[in-house]
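Read off the chains here:
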Amino acid sequence: MRQGAARNAAIVTSPELIRAYATLQRGSRFLGIGLGGPGEAPRAIAGRYRAKVIGNGLRELDRFLNLLVGEAARCRGIALPEGERNTANKLARLRRALSVPDPDHDRLAALGRSRDCLFYCAGTVLRGDGAGDDAMTIGWRTPGGRLKRVAVGAELAVSVTDLSEVCRYYLDLADRLLAEARSIPNGAS
C-alpha cells in the first residue's frame, strides 16, 4: 500500500473525525427543526429569550464546526494555531494548507456577527460590519443567494426558514469539509 493510500485510509476511518462530523450533523438538524426531536416538523423558537436561544444555537454549531476543522487538519497532518476560536479564519488556514478554495469565509464571518448580535444584543443591530458602516451583513441569504444586510438600529429577524437554511448550510459545509479532509494530497495515491 502506498503512503498516500495509507494516509487516506486512516483519514476515512478516523473515529475523532467521524465523531466531530456526526456531532455537527446532529446539532444542525436539531437547531434546524426548532430545537425539536427526530422526526418532528420545523417549528418556531418562541418566547422571551428567543434571540438568545437562537444565538446560542448558532454558537454551538460554530463550535462543532471548529472542532471538525481541527480534526480534519489533524488527520491531514496540518498544524493549526492552538486555541484558534475564529472558525472562519481556522477553516481558511486549513484550506490554504490543502490548496483548495475557501468560499465560506465571508458567510462564516457574517454568521459570527449574527450570533453575537442575537446572543449579546437581543437581536438589535448595534454596529455595522466595520467602522462607519450603516448595516451589518448577516449569515442568511436572500432568495437571490446574496447575504442579507440589516441596518444599524433594526432588529435582526430570524424566521423558521432562515434558521433552517443556515442549518442546511452547516450540513453541506460538514459534507464538503469531510470530503476535503479525505482527499489525497496532490492527487497522489
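Everything below is about the structure printed above this text.
Anyway, here's the lowdown on the structure attached to this text.

What counts, and at which threshold
Residues numbered from 1 in each chain as written. Predicted model: local features only at pLDDT ≥ 70, side-chain atom pairs only at ≥ 80, totals over all residues. Heavy atoms only, no water. Helix = DSSP H or I, 4+ residues; strand = E, 2+ residues; numbered from the N terminus. Buried < 20%, exposed > 50% of the residue type's maximum accessible area, 1.4 Å probe, protein only. Areas by Shrake-Rupley, 256 points an atom, 1.4 Å probe, with all protein chains shown as cover. Axes fitted to C-alpha atoms, helices over the stretch in contact; angles between N-to-C directions. Parallel < 35°, antiparallel > 145°, perpendicular 65-115°, else oblique. Contact = heavy atoms within 4.5 Å. Nonpolar A, V, L, I, M, F, W, Y, C, P; charged D, E, K, R; others polar. Pairing = 2+ DSSP bridges. Salt bridge = Lys/Arg side-chain N within 4 Å of Asp/Glu carboxyl O. Polar contact = N/O pair within 3.5 Å; in protein donor to acceptor, adjacent residues only side chain to side chain. Core = buried A, V, L, I, M, F, W, Y, C linked by side-chain atoms within 4.5 Å.

### Some words on the overall build of the protein chain
When helices and strands are tallied, the protein chain shows six helices and two strands. When the helices and strands of the protein chain are placed in sequence order, the string is α-α-α-α-α-β-β-α. Going through the 189 residues of the protein chain one by one, you find that 44% of them count as buried. With an accessible surface of roughly 10000 Å², the protein chain has 53% of that area assigned to carbon and sulfur atoms.

### A word on the packing of helix 3 (residues 50-76) against helix 6 (residues 160-182)
Axis separation between helix 3 and helix 6 bottoms out at 10 Å; the angle between their running directions is 5°. The orientation of helix 3 with respect to helix 6, classified from their angle, is roughly parallel. Along the contact surface, helix 3 presents Ile54, Leu58, Leu61, Asp62, Leu65, Leu68, Val69, Ala72 and Arg76, while helix 6 presents Leu163, Val166, Cys167, Tyr170, Leu173, Ala174, Leu177, Glu180 and Ala181. Residues belonging to the contact of helix 3 with helix 6 are distributed by class as follows: 15 nonpolar, no polar and three charged.

### What about the pairing of strand 2 (residues 147-151)?
In the sheet, strand 1 (residues 135-141) pairs with strand 2 via four bridges, with the strands oriented antiparallel. Within strand 2, the position partnered with Met136 by the bridge is Val150. Between strand 1 and strand 2, which pair antiparallel and follow one another directly, the connecting turn spans five residues, one of which, Gly145, has a positive phi of 95°.

### Quick look at the pattern of salt bridges
Using the criterion set out here, one finds 13 salt bridges in the structure. A salt bridge links Asp104 to Arg176; the nearest nitrogen and oxygen atoms lie 2.9 Å apart. Of this pair, Asp104 sits in the loop between helix 4 (87-98) and helix 5 (105-121) while Arg176 sits in helix 6, and the two are 72 residues apart along the sequence. The class of Asp104 is buried, set by a relative accessible area of 3%. Taking the shortest distance from any N to any O, the salt bridge between Arg113 and Asp129 comes out at 3.1 Å. On the criterion of sequence distance, the pair formed by Arg113 in helix 5 and Asp129 in the loop between helix 5 and strand 1 is long-range, its members being 16 residues apart. Of the residues examined, Asp129 reaches a relative accessible area of 29% and is grouped as partly exposed.

### A few points about the side chain of Thr87
Take Thr87: it is sitting in helix 4. For Thr87, a relative accessible area of 2% corresponds to the buried category. A polar contact is formed between the side chain of Thr87 and the side chain of Asn66, at a distance of 3.0 Å. Non-local contacts of Thr87, meaning those with residues more than four positions away in its chain, are made with Asp62, Leu65 and Asn66.

### What about the environment of Leu156?
Mapping Leu156 onto the fold places it in the loop between strand 2 and helix 6. Overall, Leu156 belongs to the buried group, its relative accessible area being 6%. When the C-alpha positions of Leu156 and Ala51 are compared, they lie 8.7 Å apart, and in sequence the two are 105 residues distant. The residues contacting Leu156, other than those within four sequence positions of it, are Ser114, Cys117, Leu118, Gly123, Val125, Met136, Ile138, Trp140 and Val150.

### Section: unusual backbone geometry
Unlike most non-glycine residues, Ser99 shows phi in positive territory, near 60°. The residue Ser99 is located in the loop between helix 4 and helix 5 in this model.

### Thoughts on the nonpolar core
If you look at the biggest cluster of nonpolar residues, it comprises 44 residues, and the most contacted ones within it are Leu94, Leu108, Trp140, Leu156 and Tyr170. It is helix 3 that provides the largest number of residues to this core, a total of 11 residues. When residues no more than four places from it in sequence are discounted, the contact partners of Leu108 are Leu65, Ala88, Leu91, Tyr169, Tyr170 and Leu173.

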